[in-house]
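Single-letter residue listing:
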Amino acid sequence: MRWRGVAGKEEPRIEPWGCPELGGVTRTTGRRRRWRRTENGERSQGSRGHGPRKKVPSALLPAGPGMAENRRSGPQATALIYDEDMTRVRLLWDDPECAIEGPERLTATYARLCHRGLAQRCVRLPAREATEEELGLVHSPEYVAVVKGTQTMSTEELRTLAQQYDAVYFHPSTFPCARMAVGATLQLVDAVLTGAVGNGMALVRPPGHHSQRDAANGFCVFNNVAIAAEHAKRRHGLQRVLIVDWDIHHGQGTQGVFENDPSVLYFSWHRYEHQSFWPRLRESDYDVVGQGPGRGFTVNVPWNKVGMKNADYVSVFLHVLLPLAIEFDPELVLVSAGFDSGIGDPEGQMQATPECFAHLTLLLLPLARGRLCAVLEGGYHLQCLAECVCLTLQTLLGDPVPALSGDPAPCLSSLESIQNVRAAHAPHWASLRHEDTGPILTPSTWCGDGGPPLLGAQSVGTTERRGTLLDKLLSCPPPPPHTGIGLAVPDSTSSLNLPPALLQEEGVIVSKEEAEMWSRLDSASTQDQALAALGKLLALLDKILTGQVRAGIAVSPAVSAAMAVALRKGLTGGAQRLLCVAVGELDIPEDLRDNGRILLLNIGGKEQSEAAASRTHICLGGHEATEPGTFLLALTSLILPVAYSFRPDLVLIVLGPDCGLRNLDVELLTRLLQGPVAGQMLLLLQNPDLPLVEALAWALEGRALPSTLGPFLSASPKQALAITRLCRQRRLDWPMLQVSVT
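Here the structure is a predicted model, which is why all the values come from computation and not from measurement. (Residues numbered from 1 in each chain as written. Predicted model: local features only at pLDDT ≥ 70, side-chain atom pairs only at ≥ 80, totals over all residues. Heavy atoms only, no water.)

Considering the pairing of strand β8 (residues 372-376)
Within β8, five of the five residues are buried, which leaves the element mostly enclosed by the surrounding structure. A two-sided burial pattern is seen for β8, the buried positions comprising L372, A374 and L376 on one face and C373 and V375 on the other. By the bridge criterion, three bridges tie strand β3 (residues 199-202) to β8 in an arrangement that is parallel. Counted as the bridge partner of A202 is V375 from β8. Bridge count between strand β7 (residues 332-337) and β8: five bridges; the pairing is parallel. Of the residues in β8, the one forming a bridge with A337 is L376. (Buried < 20%, exposed > 50% of the residue type's maximum accessible area, 1.4 Å probe, protein only. Helix = DSSP H or I, 4+ residues; strand = E, 2+ residues; numbered from the N terminus. Pairing = 2+ DSSP bridges.)

Here is the structure:
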């Protein structure tokens, strides 16, 4: 069943927005959705706005006095859109169901952004009202006319109209406000796709992802993100758009718009509980994958219990979304950024902490040349909403992400959902073609035919205990990140285009013991050359370990020897968990292979027998392991899950001579591994490949990839089997390797 229902020389200037005190009462009761029917008996749904206003030109606007220095427009800038006119709409009658969607959601969030200094670092774009022609990209003229008519309605008439829809309220300002939510989203998309900014976020209301062609629904009036996707395709000629909907409710409106469209890959996770949670649709389950030419391009991940944590969210990204997104190779990423999936929210009742959304954003940024537009959807706990938005925007700005907290093991119910989704999509995607497990027919949260879900299968704790945890999290915001990058390379790199804040190492005097250790490891290099490289390496590593810089690149004439020195220096310098990803054939000293504090991942090295494998030395051997298709599969299935399970203090990426990886793959590895380690990373190269050094320096700085990932290359069946077997061998050691319960 489908869902139905009734430019001059001088740029204009917006003065700095006010930053009101954080306030408002956080509601602790969830939405009890009520069903309403239209005259034809179908399920249906509405919203609100404000008075007429003039359209604002789409030029980039300076921030106001004292705020422009760090907010230059350009392909690496981050945009933020906020307009207080979108706070005019509020509930005019008593309705506990709708009361949680109020203007404080925007004002509290923006106040927090100002308090943290994040709004001041962004390029500010003006909001504008979308035209009725733009609304018609998704919505029918008849429905647009209904919403337009709310401007002259009395309160009683507005209430009567709202009762025709599900979980909706209207206000005399609904129409202009909802038009502005759409227009702000389009402003952001236009700025990103024209290169005026690299990415950005739009703080809008009403939200949009429940809105359908002919109906308001679930606080949503016009479908902001769906209209933006159509706009990107028609105005900018895009052929592939990825929509990531991490709101806790299923965006059935967006799904309905694109279910037949292979140019839009729609991904949604949502609280489902075997169809007992709103919107209670069969179309929200994992086996609904799209229709006709759109089969495989709708990806639903149903959460069948509450209490999902950081590990559950990240596991779904690694094992479901990322493989499909890399294969799809989008030209634009739109995020329906609903933060009711965060801890403390009365709607979601989940336990993902705010920094989790920074990690999710980081995992998406390598896609589409970093062209990511996050558009606010839900989020009803004011403090949690504001902090989640801050961490998402901070990641868009290029700051390192905070360490991911909590147990790295996904729960049984989330593993069941992952297994089911992968099984449902294996026929449609080459990246999942090696999948050999079927769906779970009797999930752990189901007690039998016709029975209710076992909602108490895993308690999320009392409201008081959750509140204490949330207060602790939000009272200690993450400290300002160390964003410096160090470089320990030959002087010949002085002509490179490098980040302006990059620190060039001059080196230190090497001790007698260090020189002797190096000579035992490397006898081929000249002494002066070797000691100069060693001195720069040790100086850079010391700065990383002491927090003076967060990451760096070193070039050595003997990378195996440099790797051994760096690992030992890391151990003596205070790193408790050190992850080393060694690519190519490298000599790894025996005493370091089974050191309990070092985890070695060797990709493309010598073949290793199963008997020689260990918990802390994992080898995917052979030159085929570095071929593009095999490496991308290993990255999402093996390397990242192990890294997130291990939670290292320092990551060492070592590229051996002729390692076989494409420069693009090295950049992708560098960007994505900054998540598990909160940015602390050292890259070791043997060959002074100057273009690669330059690209990696910008990757550490957070600059987007210069191109999309290109045509997808799948792993050979032999290599896919080898990776699957390796993951199964080690999944008890590193729990994020799990993709099934069988």
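Having seen it, we continue.
Here we look at the packing of helix α8 (residues 310-328) against helix α9 (residues 354-364)
As a packed pair, α8 and α9 sit with axes 10 Å apart at the nearest point and diverge in direction by 10 degrees. The angle between α8 and α9 falls in the class roughly parallel. Along the contact surface, α8 presents N310, Y313, V314, F317, L318, L321 and L322, while α9 presents E355, C356, F357, L360, L363 and L364. Looking at the contact of α8 with α9 residue by residue, the class counts come to 11 nonpolar, one polar and one charged. (Axes fitted to C-alpha atoms, helices over the stretch in contact; angles between N-to-C directions. Parallel < 35°, antiparallel > 145°, perpendicular 65-115°, else oblique. Contact = heavy atoms within 4.5 Å. Nonpolar A, V, L, I, M, F, W, Y, C, P; charged D, E, K, R; others polar.)

Observations concerning α9
Counting buried positions over the 11 residues of α9 gives 11, a clear majority of the element. Listed as buried for α9 are P354, E355, C356, F357, A358, H359, L360, T361, L362, L363 and L364.

Some remarks on the sheet that holds strand β1 (residues 78-81)
Taken together, the eight strands give an open sheet; going across it, the order is β2-β1-β3-β8-β7-β4-β5-β6, and neighbouring strands pair in parallel fashion. The open sheet terminates on both sides in strands that have one partner only, identified here as β2 (123-124) and β6 (298-303). When strand β4 (residues 241-245) meets β7, the two strands line up parallel, connected through five bridges. Across the sheet, the residue bridging to V241 is L332, located in β7. The strands touched by helix α6 (residues 224-236) within the sheet are β4, β5 (264-271), β7 and β8, with β7 carrying the most contacts at an inclination of about 170 degrees.

As for the sheet that holds strand β14 (residues 617-620)
Strand order in the open sheet made by the eight strands is β10-β9-β11-β16-β15-β12-β13-β14, with parallel pairing throughout. Only two strands of the sheet have a single partner each, and these edge strands are β10 (503-504) and β14. In this sheet, strand β11 (residues 551-555) lies alongside strand β9 (residues 485-488) in parallel orientation, the contact comprising four bridges. Note on β11: the bridge partner recorded for L487 is I553. The strands touched by helix α18 (residues 663-672) within the sheet are β12 (578-583), β15 (650-655) and β16 (681-685), with β15 carrying the most contacts at an inclination of about 170 degrees.

Describing the nonpolar core
Within the largest apolar cluster, 196 residues are counted, with the highest numbers of intra-cluster contacts made by F222, W246, Y313 and L673. Residues in contact with L673, not counting those within four places in the same chain, are L579, V581, I639, L640, A643, V651, I653 and M681. Judged by nonpolar contacts, the second largest core, of 28 residues, contains L537, A562, I588 and I598. (Core = buried A, V, L, I, M, F, W, Y, C linked by side-chain atoms within 4.5 Å.)

A word on the environment of A554
Here A554 is to be found in strand β11. Along the sequence, A554 and A533 sit 21 residues apart, while their C-alpha atoms lie 8.2 Å from each other. Beyond its immediate stretch of four places on either side in the chain, A554 contacts A488, L537, L540, L682, L683, L684 and L685.

Description of the confidence of the model for the protein
When the pLDDT values of the protein are averaged, the result is 84; 81% of them are 70 or greater. In this model, residues 1-70 is a region of pLDDT below 50 whose contacts with residues beyond four sequence positions or in other chains number 216 contacts. Confidence drops under pLDDT 50 across residues 449-462; counting only partners more than four residues distant or on other chains, this segment forms 24 contacts. (pLDDT = per-residue confidence, 0-100.)

A closer look at the side chain of H209
With respect to the helices and strands, H209 occurs in the loop between β3 and α6. Residue classification places H209 among the buried positions, given a relative accessible area of 2%. At a separation of 3.2 Å, a polar atom in the side chain of H209 contacts the side chain of H210. A polar contact of 2.8 Å, which involves the side chain of H209, links it to the side chain of D245. (Polar contact = N/O pair within 3.5 Å; in protein donor to acceptor, adjacent residues only side chain to side chain.)

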